[in-house]
Amino acid sequence: MATSSDRANPSLHDIDLDLFLLRHVDGKRHKRLTAFTHMVTPKKQSYFRQRVPAGIYSLITYTSSAWFDSKAPQNGEALSDIFEMIDLNGDGVVDREEFGIFALRTTGEELKDADWHVVTTTFCWGKDYLDKEAFLQLHRMEVRDSNEEELKDVWLTLASMGYNFDLSLDKAIVFSLNVGCSDGEPIIAATHIKPTSRLIEKCISRAAVEGDDYEQLEDGILLHKFTTPNRRCLVLQNTVRQITCQ
């Protein structure tokens, strides 16, 4: 299993992208850290290999965003690059689920069936998905037919996808996630966008505390070191009161 930073711009391989694998226990209410990226390929792709039992898992990506302000220029136009971003399974088209995630990301609202019907009827010629040309036509028409106030919504859409006013992608990265299993084919589905900062903190703390790289600072206080090819974190654990802080 591997993550590679930025399929749209391979020159950005130095982004500190890590992946955490969490197993669902007791349904979907609780998640348990199972594995995380701790190896790297010669092409600077972070990855891990792990034997896991059958079950439901979540894959959570994390980056510190320390390099996001590099303002690297994008090849081609922004809309074309955005299409590549929201084509989550890389099959060359955007289906309802993918477009719904895009809508939630850019507007904060769920995609309604009626709105999807209008999009597919107008631009997809009866097909239940958008290819790149249909996606570009949809947004070019939106720009062409918008007044000055409505154009602000177009810029908000670009900003929510990580673009600045120069149409450079400087607040987001595009990456590919490759999942492979030696026994059977996994079923993979994208989930709705939710804040994961607290979950990431718990993952890092758990990974550090369960590791063997630590030192005792004083009675009951341990300093754990969490190291991956992309980052190094320190976690303090109070073993007396069973409180862990990062």
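Criteria and thresholds
Residues numbered from 1 in each chain as written. Predicted model: local features only at pLDDT ≥ 70, side-chain atom pairs only at ≥ 80, totals over all residues. Heavy atoms only, no water. Helix = DSSP H or I, 4+ residues; strand = E, 2+ residues; numbered from the N terminus. Buried < 20%, exposed > 50% of the residue type's maximum accessible area, 1.4 Å probe, protein only. Contact = heavy atoms within 4.5 Å. Areas by Shrake-Rupley, 256 points an atom, 1.4 Å probe, with all protein chains shown as cover. Core = buried A, V, L, I, M, F, W, Y, C linked by side-chain atoms within 4.5 Å. Polar contact = N/O pair within 3.5 Å; in protein donor to acceptor, adjacent residues only side chain to side chain. Expected span 1.5 Å × (residues − 1). Pairing = 2+ DSSP bridges.

**Student:** Looking at this structure, how should I read the overall build of the protein?
**Tutor:** A tally of helices and strands in the protein yields six helices and 13 strands. Evaluated residue by residue, the protein yields a buried proportion of 37% over its 246 residues. Here the contacts in the protein between residues at least 6 apart in sequence split such that 55% fall between residues at least 24 apart. Surface exposure of the protein reaches about 15,500 Å², of which carbon and sulfur atoms provide 51%.

**Student:** I'm lost on the nonpolar core in this one. Help?
**Tutor:** As a rule of thumb, soluble globular proteins bury nonpolar side chains together. The biggest cluster of nonpolar side chains holds 24 residues, and the ones touching the most others in it are Ile-82, Met-85, Ile-86, Phe-99, Leu-130, Phe-135 and Tyr-163. Put simply, the parts of the chain that give this core at least two residues each are helix H1 (78-86), helix H2 (96-107), helix H3 (113-123) and helix H4 (132-144). Here this core gets five residues from one element, more than from any other, and that element is H1. Setting aside anything within four residues of it in sequence, one finds Ile-86 in contact with Val-94, Glu-98, Phe-102, Phe-135 and Met-161. If you look at the next biggest cluster of nonpolar residues, it comprises twelve residues, including Leu-22, Leu-33, Cys-203 and Ile-204.

**Student:** Where do I start with the side chain of Thr-106 in this structure?
**Tutor:** Within the secondary structure, Thr-106 sits in helix H2. Overall, the relative accessible area of 16% leaves Thr-106 in the buried class. From its side chain, Thr-106 meets the backbone oxygen of Phe-102 in a polar contact 2.9 Å long. Residues contacting Thr-106, with those up to four places away along its chain left out, are Thr-157, Ser-160 and Met-161.

**Student:** Please explain helix H6 (residues 197-209) as it appears in this structure.
**Tutor:** Residue pairs three or four apart in sequence face the same way in an α-helix, which turns once every 3.6 residues. Between its first and last C-alpha atoms H6 spans 18 Å; for 13 residues at 1.5 Å apiece the expected length is 18 Å, and the two agree. The set of residues buried in H6 consists of Ile-200, Cys-203, Ile-204, Ser-205, Ala-207 and Ala-208.

**Student:** Which parts of the structure should I look at to understand the pairing of strand E2 (residues 18-25)?
**Tutor:** Regular strands place their side chains on alternate faces of the sheet. In terms of burial, E2 is a largely internal element, seven of the eight residues being buried. With six bridges connecting them, E2 and strand E6 (residues 57-62) associate as antiparallel partners. Paired with Phe-20 across the bridge in E6 is Ile-60. Alignment of E2 against strand E3 (residues 30-36), held across six bridges, turns out to be antiparallel. Looking at E3, one finds that Leu-21 is bridged to Ala-35.

Note that all results are geometric; they support no functional claim without further evidence.
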